[in-house]
Amino acid sequence: MKRPAAKPPRGSGRPGSSAKPARPGRRPPRPSRPRTPPADPAAAQAARQTTAYLKKLFSDVGFSIDARRGQNFLVDLNLLDLLERTAGIEPDDIVLEVGSGTAALTERLSRAAFRVVTAEIDPRLATLARDRLIDCENVELVEGDVLAGKHQLDPAVLAALDAAVAARQAEGRTGRFLLVANLPYCVATPVISNLLLVRPFDAATVTVQREMAERMIATPGSGSYNALSVWVGAQCRGEIVRVLPPSAFWPRPKIDSAIVRLDLEPKRRQAIADLPGFHAFVRDIFCHRRKLLRGVLIRLAGGKQQPAAVERVARLYQTFGFDRSIRAEELAPETFVALQQAFAASE
């Protein structure tokens, strides 16, 4: 026996329904989606270093910005992402960060790296960073100046890096040493220079003043070419990844910044027989960058009153085929390497 056909439900739009028929061309209503549970407030706050977040945090703890220490916090979250992506951190890498700040970047680094060594000179920020990093067991925070002097890194930072390397070796793992940081402007040059001298990174991804970034990748003959250009260019290849406007930071600096990436080229570094001697030679030469190279070399050789010094430089000019009017900023980094070695050998 057949069952009677079921009646259409109310509101179906079929004949006999009390609902109004849908107008032609109108889309049916979207099905409702289940509500996503709210994210953990602490995790959400930790992931977003915005201007509003920093202002509230600093107000709550009574923190005031110390401009002398270059305290400009990167608050553009897209650029913070870009900095981390450009670094390309792998699970076996050891990362050095200079300027922990509130540890917004440190926290990201700890999730990607084997071990992170971070240095913070301001004890108030170091306290905030420790609170944020309480669950990051692979982070070593060194409270103090990363520099023990203009030309020396702090022994505590070097010791922390040594401990990180030993821990990695103990697990039978190998990886790179990276510098990843929003570098305070006041220490950017000595940090990079001294690392290349005593503890070379495999790669560095840092935010610095735009002017400094341009110097690091400058070519001979350009207005930005200086001693840093030669020192970095003799060992690394570099590129400016992105220019950052003042609005990317809080407080806003008065100048543009840049994300720059440097990659060490081991063969070029190995070609420098005496790294400390080369470093000092380049600094001495560029103390008189606008003078003719010949006069600077004669001064370094003993002075123009010494006939042997003048003759020594004359032989070098003949060997390299230099024009008498050449200046330091016209020489490529590899020429500086060869010149320093020849100059030292001619004593």
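Residues numbered from 1 in each chain as written. Predicted model: local features only at pLDDT ≥ 70, side-chain atom pairs only at ≥ 80, totals over all residues. Heavy atoms only, no water.

### Remarks on the overall build of the chain
- Within the chain one finds 14 helices and eleven strands.
- Counting every position in the chain, which comprises 347 residues, the buried fraction comes to 45%.
- Sequence separation of 24 or more characterises 67% of the internal contacts of the chain that already satisfy a separation of 6 or more.
- Total accessible area on the chain stands at roughly 19200 Å², and carbon and sulfur atoms take up 51% of it. (Helix = DSSP H or I, 4+ residues; strand = E, 2+ residues; numbered from the N terminus. Buried < 20%, exposed > 50% of the residue type's maximum accessible area, 1.4 Å probe, protein only. Contact = heavy atoms within 4.5 Å. Areas by Shrake-Rupley, 256 points an atom, 1.4 Å probe, with all protein chains shown as cover.)

### Describing the pairing of strand β2 (residues 94-98)
- The buried fraction of β2 amounts to five of the five residues, a majority that puts the element mostly inside the structure.
- The two faces of β2 match: I94, L96 and V98 on one face and V95 and E97 on the other face are all buried.
- Note that β2 and strand β3 (residues 115-120) share five bridges and pair parallel. Paired with I94 across the bridge in β3 is R115.
- Since β2 and β3 lie parallel, the crossover through helix α4 (residues 104-112) that links them has a hand, and here it is right-handed.
- Here β2 pairs with strand β7 (residues 177-182) via three bridges, running parallel. (Pairing = 2+ DSSP bridges. Right-handed = clockwise from strand over helix to strand, strands pointing away.)

### A look at the packing of aromatic side chains
- Here the structure, examined in full by the defined rule, presents nine aromatic pairs.
- Between the aromatic rings of F58 and F63, the centroid separation amounts to 4.5 Å while the plane-to-plane angle is 50°, which identifies the pairing as tilted.
- A residue is classified by how much of its surface remains accessible, and F58, at 3% relative accessible area, is buried.
- Above the ring of F343, the side-chain terminus of R312 is found at 4.0 Å from the ring centroid. (Phe/Tyr/Trp six-rings, centres within 6.5 Å; stacked < 30°, edge-to-face > 60°. Lys NZ or Arg CZ within 6 Å of the ring centre and 35° of its normal.)

### Notes on the confidence of the model for the chain
- In the predicted model, the chain carries a mean pLDDT of 89, and 86% of its residues have values of at least 70.
- Every residue in residues 1-25 is under pLDDT 50, and counting partners more than four places away or in other chains gives nine contacts.
- Residue range residues 27-47 is modelled with pLDDT below 50. Its contacts to residues more than four positions away, or to other chains, number seven contacts. (pLDDT = per-residue confidence, 0-100.)

### Regarding the pairing of strand β4 (residues 139-143)
- Across five bridges, the pairing between β3 and β4 is parallel. Directly across from A119, in β4, lies its bridge partner V142.

### What to know about the side chain of D154
- Along the polypeptide, D154 turns up in the loop between β6 (152-153) and α6 (155-170).
- Buried within the structure, D154 lacks any salt-bridge partner; its nearest side chain of opposite charge belongs to R130, at an N-O separation of 11 Å. (Lys, Arg positive; Asp, Glu negative; His and termini not counted. Salt bridge = Lys/Arg side-chain N within 4 Å of Asp/Glu carboxyl O.)

### What to know about the nonpolar core
- Counting residues in each nonpolar core, the largest one holds 67 residues, and the members touching the most others are L179, I192, F201, L293 and F336.
- With sequence-adjacent residues up to four places away left out, F201 is seen in contact with F177, L179, I192, L195, L196, C236, L262 and L264.
- Counting 26 residues, the second-largest nonpolar core is a separate cluster that includes L80, L178, A203 and I259. (Core = buried A, V, L, I, M, F, W, Y, C linked by side-chain atoms within 4.5 Å.)

### A look at the side chain of D263
- Mapped onto the secondary structure, D263 falls in strand β11 (residues 257-264).
- Residue class for D263 comes out buried when judged on its relative accessible area of 16%.
- Of note is the side chain of D263, whose polar atom sits 2.8 Å from the side chain of R261.
- Those residues in contact with D263 that sit more than four places away from it in its chain are D202, A203, Q235, C236 and R237. (Polar contact = N/O pair within 3.5 Å; in protein donor to acceptor, adjacent residues only side chain to side chain.)

### Considering the environment of C236
- Looking at the secondary structure, you find C236 in strand β9 (residues 236-244).
- Linking C236 and D202, residues 34 residues apart in sequence, is a C-alpha distance of 9.3 Å.
- Here C236 is in contact with L196, F201, L262, D263, L264, E265 and R268, once residues within four sequence places are set aside.

### Considerations on the pattern of salt bridges
- Considering all chains together, one arrives at 20 salt bridges under this definition.
- R108 serves as the salt-bridge partner of D81, at 2.6 Å between the closest nitrogen and oxygen. Note that D81 is positioned in helix α3 (residues 77-87) and R108 in helix α4, a separation of 27 residues in sequence.
- The class of D81 is partly exposed, set by a relative accessible area of 26%.
- Given the relative accessible area of 10%, R108 is considered buried.
- The partner of D93 in a salt bridge is R176, with the nearest N and O atoms 2.7 Å apart.

### With respect to helix α12 (residues 293-301)
- All of the buried residues in α12 are L293, V296, L297 and I298.
- At its buried positions, α12 is contacted by α11 (275-286), α13 (307-320) and α14 (333-345).
- Following α12 by one or two positions, G302 adopts a phi angle in the positive range, close to 140°.

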